[in-house]
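Geometric and topological summary
Okay, here's what each chain looks like letter by letter:
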Amino acid sequence: MTNLKGVWNSYTLIEKRNIAFYIGGIMFYKLGLEFFNGSITTLASDRFASARTFTKLGAAQGINQAAQCVGAILIGPLVKRWPTRSVLSVAIFVFALMTTILLIVDAGTGGKIKPAGASKPVYGSWNPNIVGCVSYIRRWYANIARFEIFVIWTFSGIVYGMVELVRRVIPADIVGGDVQKLRRMDATVHVFYEVAGTIGAFASSSAISRWGNNYSFFLTPVFFAFAGVTWLAVSALTFRPRSDKDNQDANLDTPPIAKQGYVLQFFGTIIGFAESLIYGARFLESSLAPAFAKRVLTISAWSQIIVGGSNFGELLGALSVFLLSDYVTSPLPWLRLDALMLNIVWILPYFATIATPNVEWAWKVAGCFIPISFGWAAGDVSLAAYIQSSLSDAGFDNKHVSPLGAVMAILYSIYIILNAIFSSVLGKVIDDDFTATGNIESSLKRVAGIQFSVCSGIILLATFIPIGAFALNPKFIGHSYDSEKAMDQNLVVVEGKGDKYNGDQD
């Protein structure tokens, strides 16, 4: 097992301080996010027209995810201009503002907290269907605006994408390019992230049942504000304003070590693209869980219990990566496990035929989601650390855009675009099946079973592309151990330069 004392001592005091503040902020963020996502998903499920509930839900989520792509792409240039912690904090403050607006709009149009013992919340008169923005002020604040679910989800999606992308970039800023330190840091952060996520998901389910899904996320702006303040305590890390000389140096030919690193990043990106195909973790939580809770169990709030099980599985997956970091040194074994675990979703169509409107079935489905999310989190954490390490150490530089931010933005955008397209299309499959038969057994076989099995096959094939990947537990991927040693031996530091060059260079 991992030597915990040795791991602790491998980090400097400033790294430990930054990691602590970063983890504190990420836990506040995840708590707020679970309350918001759980509430707005069930709010949309309840308020959209019943005949096309999941078609519209998928469309709204698709627009939100398209906006996330915009936010993710913005990060590359922004983190070159301002410290990463500042970009992250401002983004989360804006996210807090967007969630506050939805609360204000509902209250201003007559919405109320769900009365004790009532079966349904008292919603405001705002229209969830039309992609509208602002009407006109009427009677001192009573109808200040008509913000629709689509609009709120769109604007919040931009800052959501920014926050999620920075989460994939900032670890390399904190601890550098050491893959072991990155893997352990990513795993530690993910463990605490999912501790907060599991607590938040279960608490959100109770909050929705008690206060209604139009007010159950009233703590979200508070948690987001705490997250932003906590992240401001992280140091400026590797950021420094660029001088003209820096800009000239950044335009020099790419050092040979960076050129040799292209192969590593190519294979890492190939696997990353394949991993994007199992946007499954998000599809599980944002589409399958609400569909099962609403159409099979008839209580949309119970979807957060299912999500809680998924979050707990992610926690266990990240913890496993941390504990086995010395023994599983590449992401491939975790990705293969991930691919195999995806096939567990075939149990959902069977459950749909025997489940009753009882909360115990929500807990059973949550239990089935644990191993699926275990594999996904383990693969995601280890793959992210590999990409962060290879790009941090390869010597790439650009005066306008962060290379790591750009690569992560591409992978994240592909992942988001796939989910945006399939959420709406497959949501229509679920709606049509329910309209025609009164249940979703057949549609679950297609949107869960068949889809995830195809993704499983693609992931497994992708993990055999890199050199050395046919080993059960490969130490290196994309190059051999001998080439790794040769690269290290041929590196010299050119006098007066901070860049590494190959000794054979003229």
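Residues numbered from 1 in each chain as written. Predicted model: local features only at pLDDT ≥ 70, side-chain atom pairs only at ≥ 80, totals over all residues. Heavy atoms only, no water.

Considering the overall build of the protein
Each helix and strand in the protein was counted, giving 17 helices and two strands. Counting the 506 residues in the protein, one finds 54% classified as buried. In the protein, the share of contacts with a sequence separation of at least 24, taken over all contacts with a separation of at least 6, comes to 81%. (Helix = DSSP H or I, 4+ residues; strand = E, 2+ residues; numbered from the N terminus. Buried < 20%, exposed > 50% of the residue type's maximum accessible area, 1.4 Å probe, protein only. Contact = heavy atoms within 4.5 Å.)

Points about the packing of aromatic side chains
Describing an aromatic ring pair means giving the distance of the ring centres and the angle of the ring planes. Taken as a whole and assessed by the stated rule, the structure comprises 16 aromatic pairs. On the basis of an interplanar angle of 40° and a centroid distance of 5.1 Å, the ring pair of Phe-202 and Trp-363 is categorised as tilted. Pair noted here: Phe-202 is in helix α6 (residues 179-211) and Trp-363 is in helix α14 (residues 359-393), with a separation of 161 residues, a long-range link. Take Phe-202: its relative accessible area is 27%, and that puts it in the partly exposed class. Since its relative accessible area comes to 45%, Trp-363 is described here as partly exposed. Taken together, the aromatic side chains of Tyr-22, Tyr-29, Phe-36, Phe-95, Tyr-160, Tyr-193, Phe-217, Phe-224 and Trp-231 make up a single cluster linked through ring pairs. Across from the ring centre of Phe-434, 4.3 Å away, lies the NZ or CZ of Arg-295, which sits over that ring. (Phe/Tyr/Trp six-rings, centres within 6.5 Å; stacked < 30°, edge-to-face > 60°. Lys NZ or Arg CZ within 6 Å of the ring centre and 35° of its normal.)

What to know about the pattern of salt bridges
Proximity of charged atoms lets side chains of opposite charge pair with each other. Under the definition given, this model contains nine salt bridges. Between Lys-181 and Glu-15 there is a salt bridge; the shortest N-O distance is 3.0 Å. Of this pair, Lys-181 sits in helix α6 while Glu-15 sits in helix α2 (residues 13-47); the two residues are 166 residues apart in sequence, bridging distant segments of the chain. On the basis of relative accessible area, Glu-15 is assigned to the buried category, the value being 10%. As a salt-bridge pair, Glu-441 and Lys-445 come within 3.6 Å of each other at their nearest N and O atoms. (Salt bridge = Lys/Arg side-chain N within 4 Å of Asp/Glu carboxyl O.)

Structural notes on the nonpolar core
Formed by 73 residues in total, the largest nonpolar core has its most connected members in Tyr-22, Tyr-29, Ile-92, Phe-95, Leu-165, Met-185 and Trp-231. If sequence neighbours within four positions are ignored, Phe-95 has contacts with Leu-33, Phe-36, Ser-156, Val-159, Tyr-160 and Phe-224. (Core = buried A, V, L, I, M, F, W, Y, C linked by side-chain atoms within 4.5 Å.)

Comments concerning the packing of helix α12 (residues 332-341) against helix α16 (residues 441-462)
Look at α12 against α16: their axes get within 8 Å of each other, and the N-to-C directions meet at 160°. Relative to α16, the element α12 is oriented roughly antiparallel. Regarding α12 and α16, the two cross each other, and that crossing is left-handed. From α12, Leu-335, Arg-336, Ala-339 and Leu-340 reach across to α16, where they touch Ser-456, Ile-459 and Leu-460. (Axes fitted to C-alpha atoms, helices over the stretch in contact; angles between N-to-C directions. Parallel < 35°, antiparallel > 145°, perpendicular 65-115°, else oblique. Left-handed = near helix turned anticlockwise from the far one by under 90°.)

Some remarks on a nonpolar patch on the surface
A cluster of nonpolar residues, Phe-218, Leu-219, Val-222 and Phe-226, forms a patch on the protein surface that exposes about 320 Å² of accessible area. For Leu-219, the location among the structural elements is in the loop between α6 and α7 (220-231). Here Leu-219 falls in the partly exposed class, since its relative accessible area comes to 30%. (Patch = residues over 30% accessible without salt bridge, like charges linked within 9 Å, V, L, I, M, F, W, Y side chains within 5 Å. Areas by Shrake-Rupley, 256 points an atom, 1.4 Å probe, with all protein chains shown as cover.)

Considerations on empty space enclosed by the protein
Where empty space is left can be seen by rolling a probe of water-molecule size over the atoms. Taken as a whole, this structure holds five cavities of 30 Å³ or more when the rule is applied. The space that makes up the largest cavity amounts to roughly 700 Å³. If you go around the largest cavity, you meet 40 residues; those closest to its centre are Lys-30, Tyr-160, Glu-164, Tyr-193 and Arg-282. Those elements giving two or more residues to the lining of the largest cavity turn out to be α2, α3 (53-81), α5 (149-175), α6, α10 (280-296), α11 (303-323) and α14. The element contributing the most residues to the lining of the largest cavity is α2, with nine residues. In terms of residue class, the lining of the largest cavity is made up of 15 nonpolar, 14 polar and eleven charged. (1 Å grid on protein atoms, 1.4 Å probe; cavity = no way out; pocket = protein on both sides within 12 Å on 5 of 7 lines; lining within 4 Å. Points joined across faces, edges and corners; volume = space filled by probe spheres on them. Nonpolar A, V, L, I, M, F, W, Y, C, P; charged D, E, K, R; others polar.)

Here's the deal with the confidence of the model for the protein
Summing up the model confidence of the protein, the mean pLDDT is 76 and the portion of residues at 70 or higher is 74%. Looking at the elements of the protein, mean pLDDT is at its lowest for strand β1 (residues 491-493), recorded as 38, and at its highest for α7, recorded as 94. Counted against residues more than four places away or in other chains, residues 129-147, with its pLDDT under 50, gives 38 contacts. Counted against residues more than four places away or in other chains, residues 479-506, with its pLDDT under 50, gives 30 contacts. (pLDDT = per-residue confidence, 0-100.)

A short note on unusual backbone geometry
Positive phi is not limited to glycine here, since Thr-298 has a value of about 70°. Summarising the element assignment, Thr-298 is placed in the loop between α10 and α11.

Quick notes on α6
With 33 residues, α6 extends 45 Å from end C-alpha to end C-alpha; this agrees with the ideal 48 Å at 1.5 Å per step. Looking one or two places after α6, you find Gly-212, whose phi comes out positive at around 90°. (Expected span 1.5 Å × (residues − 1).)

Let's talk about the environment of Ala-227
With respect to the helices, strands and loops of the structure, Ala-227 is situated in helix α7. With 138 residues separating them along the chain, Ala-227 and Ser-89 place their C-alpha atoms 7.5 Å apart. Those residues within four positions of Ala-227 in sequence are excluded, and the remaining contacts are Gly-25, Phe-28, Tyr-29 and Ile-92.

A closer look at α11
Each turn of an α-helix holds 3.6 residues, which means side chains three or four residues apart point in the same direction. Here α11 is 21 residues long and its end C-alpha atoms lie 31 Å apart, about the 30 Å a rise of 1.5 Å per residue gives. Along α11, 17 of the 21 residues are buried, which leaves the element largely enclosed by surrounding structure.

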